[in-house]
Amino acid sequence: MVFALSERRRMPNAVKILIAGGFGAGKTTMVSAVSETRTLRTEELLTERGVGVDDVSGVSAKRSTTVAMDFGRITLNTDYVLYLFGTPGQERFWFLWDELALGALGAVVLADTRRLADCFAAVDYFERRGTPFIVAVNCFEGADQFEVEEIRLALQLDPAIPILLCDARDKGSSRDMLIGLIDHALQRRLLHAP
Ligand SMILES: Nc1nc2c(ncn2[C@@H]2O[C@H](COP(=O)(O)OP(=O)(O)OP(=O)(O)O)[C@@H](O)[C@H]2O)c(=O)[nH]1
Ligand SMILES: [Mg+2]
């Protein structure tokens, strides 16, 4: 199809955001909660064959896992569209992260305080790449509540990295995490602008 130049100019800018974190932290849940379209998911059932490979301690009610990515979209206005990519949580699918991270504005790293160590790898990954990220603590019912500074200490996180509390099932709360990330990424750009 041939577009007139004026029509091509109206194509919105795509902004890519990653929703990352450990196994079962709520990545698929967050992408689904906040996306305006039905999320593209790549969920497979957790079966007996994963025993000893898939660590479901603390998330024993979990029945499926992301094997490639989740994909959602939010239209901000006629100029900007956010594309959300939920990463797979399990270590054996991490080889996909490099592709997913390419050209991303930044990442929301979801943390579950019952399994905080599970988000170390994502924090480490984005620190090494220099990708802006925030940590979003997904407050599961029944999980111990920690002060933000305790979480910062446990993750050995730079004071400049925001830590926010959220409920990944809630659209407003998930949207606040995206706004927090965009704010942080813009501030970093301003700080490092030549
Ligand atoms: N109570 C509670 N349950 C949640 C919350 N977020 C997610 N869940 C549930 O936790 C389970 C795991 O959520 P997922 O969204 O599949 O987690 P994930 O991070 O995508 O998992 P993987 O892709 O396997 O790494 C699901 O059964 C969700 O319904 C939350 O904030 N509170
Ligand atoms: Mg998932």
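The notes below deal with the structure included here. None of the values given here were measured: they were computed from a predicted structure. (Residues numbered from 1 in each chain as written. Chains lettered and ligands numbered in written order. Predicted model: local features only at pLDDT ≥ 70, side-chain atom pairs only at ≥ 80, totals over all residues. Heavy atoms only, no water.)

Before going further, it helps to spend a moment on the sheet that holds strand β7 (residues 133-138). Sheet strands associate in pairs through backbone hydrogen bonding, adopting either a parallel or an antiparallel arrangement. The strand order across the open sheet formed by 6 strands is β4-β5-β1-β6-β7-β8, and the pairing between neighbours is mixed. Two strands close off the open sheet at either side, each with one partner strand: β4 (70-75) and β8 (163-166). Strand-to-strand twist of the sheet, defined as the mean angle between neighbouring strand axes without regard to direction, takes the value 25°. Here strand β1 (residues 13-21) runs beside strand β5 (residues 80-86); their pairing, made up of 7 bridges, is parallel. Among the inter-strand pairings, lysine 16 is bridged to a residue of β5, identified as tyrosine 83. Its contacts with the sheet place helix α6 (residues 171-191) against β1, β4, β5, β6 (106-111), β7 and β8, and it is angled at close to 160° to β7. (Pairing = 2+ DSSP bridges. Helix = DSSP H or I, 4+ residues; strand = E, 2+ residues; numbered from the N terminus. Axes fitted to C-alpha atoms, helices over the stretch in contact; angles between N-to-C directions. Contact = heavy atoms within 4.5 Å.)

The next point concerns the site of ligand 1. Inspection of the region around ligand 1 gives 18 residues, with Lys27, Thr28, Thr29, Thr65 and Asn138 positioned closest. Here an oxygen atom of ligand 1 and a side-chain polar atom of threonine 65 are 2.5 Å apart. For ligand 1, a nitrogen atom lies 3.3 Å from a polar atom in the side chain of arginine 169. The fraction of the free accessible surface of ligand 1 (660 Å²) that becomes covered by protein chains is 81%. (Near = heavy atom within 4 Å. Polar contact = N/O pair within 3.5 Å; in protein donor to acceptor, adjacent residues only side chain to side chain. Areas by Shrake-Rupley, 256 points an atom, 1.4 Å probe, with all protein chains shown as cover.)

The next subject is the coordination of the magnesium ion (ligand 2). Surrounding the magnesium ion (ligand 2) are the protein donor atoms Thr28 (OG1) and Thr66 (OG1), which sit 2.0 Å from the metal. Pair noted here: threonine 28 is in helix α2 (residues 27-34) and threonine 66 is in strand β3 (residues 64-66), with a separation of 38 residues, a long-range link. With respect to class, threonine 28 is no different from threonine 66; both count as buried. (Donors = N, O, S within 2.8 Å, 3.2 Å for Na, K, Ca; no water. Buried < 20%, exposed > 50% of the residue type's maximum accessible area, 1.4 Å probe, protein only.)

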